[in-house]
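# Coordinate analysis (summary)
Take a look at the letters that make up each chain.
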Amino acid sequence: MKKLFIVIVIGMISKVGAQAPALAVADSLYATGEYTKAIAQYEKIQEPTARIWLQIARAYKGKGAKTAALNFYKKSLELDDKQPIAATEYGRLLLTKSKFKEADSVFAILSTRYPTNAEYHYQWGRALKKTAVKDTLVLSKKTDNEKIDTSEKAFAKAVQLDSTHQKAMFELAKYHLGHKNYPEVETICKKALESEPENIEIIGVLAQSYYYKGWWDEAIHLFNQLLDLGVDTLFVRNKLGRAYYEKRMYPEAIEAYEEVLAYDDEDWGTLITLARLYNFSREYDKALEYGKKALYFKDLPLDDVYYTMGRAYEFKKNYEQAMKYYGNSTKEDANNLDAVYATAVAADNYYEDKEEVLKLYEKFVAQSKKLKKRPYLARIAQERMTLLKREIFEAQEKKE
């Protein structure tokens, strides 16, 4: 019996010894990126272990064969489901293949086994983000004793466990931004930037939070910081241009929107915005140039384009052309009160017949009352109407 035991042990050692060179060769090939050759060597090993299947999975993943890799990760975990690294790699690969329910299951188990591991909760949140029907707003400080069943809770738990986990903080901040919970966004982003001050994703979320709140100075600073960090995108230029516009920093806004045109020089919205900005900057020929381009590219209705071009002509004191474009604007939209009022003002400067001008102001005031819009312009128009009536009366008296 003793002799039989010794023989069995010697046999096992011999088998392991025989497999050792093949394993060493396979590992060496894998380490140098020779994935196909490594796979061939691993497959020669008889009675493969969980580690062998794992290495084959990694080799397939290394050469981009993700479906095959998933199969071998699964085989490895079937032999030994207590491999956290293998399970993590498997779960991440499931996410890249959009197999979110499977990934949800993997990271739920890992998070339960390792409840203090922030990375597992973050990855679980990524899976839940795609599988959950609806997220419920829950602040991170309330997640201690709550069941994690939404992506927000998983991300919040990850941040709670690791207050420097940048990816989890980004996802959590983005979640709160979508729910317009701006104070929470700013708290998370500022905390994240303490440990990683040049995290462009976090800076971008914080910039948007300030932008949507109308904190233009803060938004401008952060969007410019993104540009300095090399994030020169249409989105950044557009938001920066609007922030400058709202701050009435017209030269800076023009520069930003001119860069926007580099992405799409046929976007009528950008063109008409530039026309308005050039009007504000008293570059009226430029305003007309961009207004005409906007007119060419914009689909109906065109009332706002005509109105902007009318403003340019009015500023150039070409009141006849201004009235023409204002008229075109009101033909497109009879309730464009800005154009109705501007028509009266242009006529006031152009017509000698003040009775006709008075009728135009009266028309505007009547529309303003009916639509309950532009009351401040209506008050200005009424003041001008009082003066016009006096002028008309005095002119009639002189004739008599």
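Keep in mind that this is a model prediction, so the values were computed, not measured. (Residues numbered from 1 in each chain as written. Predicted model: local features only at pLDDT ≥ 70, side-chain atom pairs only at ≥ 80, totals over all residues. Heavy atoms only, no water.)

## Things to note about the overall build of the protein chain
- Helix and strand counts for the protein chain stand at 21 helices and 0 strands.
- For 400 residues, the compact-globule estimate of 2.2 N^0.38 gives 21 Å, and the protein chain exceeds it by more than 25% at 35 Å.
- Taken along the three principal axes of its C-alpha coordinates, the protein chain extends 145 × 45 × 35 Å.
- The burial tally for the protein chain puts 44% of its 400 residues in the buried class.
- The contacts of the protein chain with a sequence gap of at least 6 include a subset with a gap of at least 24, amounting to 46%.
- With the model as given, the accessible surface of the protein chain reaches about 22400 Å², and the carbon-plus-sulfur share is 52%.
- Side-chain charges in the protein chain split into 63 positive and 59 negative, and the spacing between the mean points of these groups amounts to 7 Å. (Helix = DSSP H or I, 4+ residues; strand = E, 2+ residues; numbered from the N terminus. Rg over C-alpha atoms; globule rule 2.2 N^0.38 Å. Buried < 20%, exposed > 50% of the residue type's maximum accessible area, 1.4 Å probe, protein only. Contact = heavy atoms within 4.5 Å. Areas by Shrake-Rupley, 256 points an atom, 1.4 Å probe, with all protein chains shown as cover. Lys, Arg positive; Asp, Glu negative; His and termini not counted. Charge placed at Lys NZ, Arg CZ, Asp CG, Glu CD.)

## Focus on the pattern of salt bridges
- Counted according to the given criterion, the structure contains 20 salt bridges.
- Its salt-bridge partner being lysine 316, residue aspartate 285 comes within 2.8 Å of it at the nearest N-O pair. Pair noted here: aspartate 285 is in helix H16 (residues 284-297) and lysine 316 is in the loop between helix H17 (303-315) and helix H18 (319-332), with a separation of 31 residues, a long-range link.
- Ionic pairing is found between aspartate 338 and arginine 374, a salt bridge with its closest N-O pair at 2.9 Å. (Salt bridge = Lys/Arg side-chain N within 4 Å of Asp/Glu carboxyl O.)

## Quick notes on the nonpolar core
- Membership of the largest hydrophobic core comes to 83 residues, with the highest contact counts inside it found for Phe223, Leu274, Leu277, Tyr361 and Phe364.
- If you tally residues by element for this core, the top one is helix H19 (residues 337-350), at 8 residues.
- If sequence neighbours within four positions are ignored, phenylalanine 364 has contacts with Leu337, Val340, Tyr341, Arg374, Leu377, Ala378 and Ala381.
- Counting residues in hydrophobic clusters, the runner-up holds 35 residues, among them Leu70, Leu94, Phe107 and Ile148. (Core = buried A, V, L, I, M, F, W, Y, C linked by side-chain atoms within 4.5 Å.)

## What about helix H6 (residues 100-113)?
- With 14 residues, H6 extends 20 Å from end C-alpha to end C-alpha; this agrees with the ideal 20 Å at 1.5 Å per step.
- When we look at burial in H6, the residues that qualify are Ala103, Asp104, Val106, Phe107, Ala108, Leu110 and Ser111. (Expected span 1.5 Å × (residues − 1).)

## Quick notes on the packing of helix H15 (residues 268-280) against H17
- Remark: H15 packs on H17, axes separated minimally by 10 Å, with the N-to-C direction vectors making an angle of 20 degrees. On the basis of their axis angle, the class for H15 and H17 is roughly parallel. In the crossing of H15 with H17, the sense of the turn from one axis to the other is left-handed. Packed against H15, whose contacting residues are Trp268, Ile272, Ala275, Arg276 and Asn279, the element H17 presents Asp304, Val305, Thr308, Arg311, Ala312 and Phe315 at the interface.
- Among the residues forming the contact of H15 with H17, the class breakdown is 6 nonpolar, 2 polar and 3 charged. (Axes fitted to C-alpha atoms, helices over the stretch in contact; angles between N-to-C directions. Parallel < 35°, antiparallel > 145°, perpendicular 65-115°, else oblique. Left-handed = near helix turned anticlockwise from the far one by under 90°. Nonpolar A, V, L, I, M, F, W, Y, C, P; charged D, E, K, R; others polar.)

## Looking at the UniProt feature "repeat: TPR" (unreviewed entry) in the protein chain
- The sites that carry the UniProt feature "repeat: TPR" (unreviewed entry) are, in the present numbering, residues 50-83, 234-267 and 303-336.
- The span residues 50-83 carries 79% helix and 0% strand; its end-to-end C-alpha distance comes to 9 Å.
- Taken end to end, residues 234-267 is 74% helix and 0% strand, and its first and last C-alpha atoms sit 12 Å apart. (UniProt positions renumbered as here; feature names shortened; annotations may be inferred.)

## A closer look at the side chain of glutamine 367
- Considering the arrangement of structural elements, one finds glutamine 367 in helix H20 (residues 354-371).
- What makes glutamine 367 buried here is its relative accessible area of 13%.
- Of note is the side chain of glutamine 367, whose polar atom sits 3.5 Å from the side chain of asparagine 335.
- If we skip the residues at most four places from it in the chain, glutamine 367 touches Ala334, Asn335, Leu337 and Val340. (Polar contact = N/O pair within 3.5 Å; in protein donor to acceptor, adjacent residues only side chain to side chain.)

## Structural notes on the environment of serine 111
- Looking at the secondary structure, you find serine 111 in helix H6.
- In sequence terms serine 111 and glutamine 123 are 12 residues apart; their C-alpha atoms lie 9.4 Å from each other.
- In contact with serine 111, not counting residues within four places along its chain, are Tyr120, His121 and Trp124.
- Within the structure, serine 111 has its side chain in polar contact with the backbone oxygen of phenylalanine 107 (distance 2.8 Å).

## Quick look at the side chain of glutamine 55
- Relative to the helices and strands, glutamine 55 resides in helix H3 (residues 50-62).
- Looking at glutamine 55, its side chain comes within polar contact range of the side chain of tyrosine 42, at 3.1 Å.
- Apart from the residues within four sequence positions on either side, glutamine 55 is in contact with Asp27, Tyr30 and Tyr42.

## Details of the packing of helix H14 (residues 250-261) against H15
- Closest axis-to-axis distance for the H14/H15 pair is 10 Å, and the angle between their directions is 155 degrees. Taken as axis vectors, H14 and H15 run roughly antiparallel relative to one another. Helix-helix and strand crossings are classified by hand; for H14 and H15 the assignment is left-handed. Contact residues: Tyr250, Ala253, Ile254, Tyr257, Glu258, Val260 and Leu261 in H14; Thr270, Leu271, Thr273, Leu274, Leu277, Tyr278 and Phe280 in H15.
- Its residues assigned to classes, the contact of H14 with H15 shows 11 nonpolar, 2 polar and 1 charged.

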